[in-house]
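Examination of the molecular architecture
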Amino acid sequence: MSEQELPPWLREQVSRLQQLQQNLQAIMMQKQQLEVEVVETDRALEELKKAAPEDAIYKTAGSVMVKAKKDDVVKELEEKKELSATRVKVLEKQEGRVKDNLKEVEAKINEMIRGGGPGATGPKPKAE
């Protein structure tokens, strides 16, 4: 059965399912990027902590590198790490909600298919 042959009530649920899957994929990609950012920031902080106070420290500012104070760079990186970790937690909550919605829609679709129509879970198709 092609998508065009599906009843409107089922097509709507399948469309919702696909949208939720796309949302979940986008959330997971953002979360993964932030997790990588946290790991990279941790590595940078570890290297900074190994540096002696008199060592020259540089940070990137656009496409150039500028000399900076070690304490200032450490503070910036710790703030960046904290912000990234907070954003990861927010994305994890969003991911959980989207996964729950996906399960609901999948169950609804399965119920509709087994029942042969929207039944008690949705509006009855209109006669044309």
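Residues numbered from 1 in each chain as written. Predicted model: local features only at pLDDT ≥ 70, side-chain atom pairs only at ≥ 80, totals over all residues. Heavy atoms only, no water.

**Quick look at the overall build of the protein**
Basically, it comes down to this: For helices the rule is a DSSP run of H or I covering at least 4 residues; for strands it is a run of E covering at least 2, with both sets numbered from the N terminus onward. Three labels apply to residues, based on accessible area from a 1.4 Å probe with only protein chains included: buried if under 20% of the type maximum, exposed if over 50%, partly exposed otherwise in between. Contacts were defined at the residue level, with two residues in contact if any of their heavy atoms lie within 4.5 Å. What sets the accessible areas is the Shrake-Rupley method with a 1.4 Å probe; for residues, cover comes only from the shown protein chains.
What the protein contains, in helices and strands, is two helices and two strands. The linear arrangement of helices and strands in the protein, starting from the amino end, is α-β-β-α. Burial statistics for the protein: of 128 residues in total, 25% are counted as buried. Put simply, 67% of the contacts in the protein that link residues at least 6 apart link residues at least 24 apart. If you sum the accessible surface of the protein, you get close to 9700 Å²; carbon and sulfur atoms cover 50% of it.

**Comments concerning the confidence of the model for the protein**
Note the following rule: pLDDT expresses, on a scale from 0 to 100, how confident the predictor is about each individual residue.
Chain-level statistics for the protein give a pLDDT mean of 89 and a share of 87% at 70 or above. Here residues 124-128 is a poorly scored stretch, pLDDT under 50, and it has four contacts once near neighbours within four places are set aside; other chains count.

**Describing the nonpolar core**
Soluble globular proteins: nonpolar side chains tend toward being buried together. Threshold: Each nonpolar core is a collection of buried residues, namely Ala, Val, Leu, Ile, Met, Phe, Trp, Tyr and Cys, held together in the definition by side-chain atoms within 4.5 Å.
In this structure, L10, V98, L102 and I109 are the most contacted members of the largest nonpolar core, which totals 16 residues. Listed by contribution, the elements that provide at least two residues to this core are α1 (8-50) and α2 (70-115). In terms of residue count, the dominant contributor to this core is α1 (eight residues). With sequence-adjacent residues up to four places away left out, I109 is seen in contact with L10, Q13, V14 and L17. If you look at the next biggest cluster of nonpolar residues, it comprises seven residues, including L45, L48, A51 and V73.

**Considering the side chain of K31**
Here is the rule we go by: A 3.5 Å cut-off defines polar contacts: any pair of N or O atoms within that distance qualifies, except that in protein one atom must be a possible hydrogen donor and the other a possible acceptor, and neighbouring residues in sequence count only when both atoms are side-chain atoms.
Secondary-structure assignment places K31 in helix α1. Within polar-contact distance, the side chain of K31 engages the side chain of E95 at 2.8 Å. Apart from residues no more than four positions distant in its own chain, K31 is found in contact with V88, L91, E92 and E95.

**Describing the environment of I109**
Relative to the assigned elements, I109 resides in helix α2. Judged by relative accessible area, I109 falls into the buried class, the value being 8%. Spatially, the C-alpha atom of I109 lies 6.6 Å from that of Q13, the residues being 96 residues apart in sequence.

**Some thoughts on the packing of α1 against α2**
To keep things clear, this is the line we draw: Every axis corresponds to a line fitted to the C-alpha atoms, with the helix fit spanning only the stretch in contact, and the corresponding angles, defined between N-to-C directions, vary from 0 to 180 degrees. In what follows, roughly perpendicular refers to angles from 65 to 115 degrees, roughly parallel to angles under 35, roughly antiparallel to angles over 145, and oblique to any angle outside these ranges. Note on convention: near helix rotated counterclockwise from far helix by under a right angle means a left-handed crossing. Clockwise means right-handed. Classes in brief: Ala, Val, Leu, Ile, Met, Phe, Trp, Tyr, Cys and Pro nonpolar; Asp, Glu, Lys and Arg charged; the others, Gly included, polar.
At their nearest, the axes of α1 and α2 sit 7 Å apart, and the two run at 160° to each other. As the angle between them shows, α1 and α2 are arranged roughly antiparallel. Crossing of α1 against α2: the hand is left-handed. In the contact of α1 with α2, the residues fall into 25 nonpolar, seven polar and 16 charged.

**Re the side chain of E95**
Here E95 is to be found in helix α2. If near-sequence neighbours (up to four positions away) are discounted, E95 is found in contact with L24, I27, M28 and K31.

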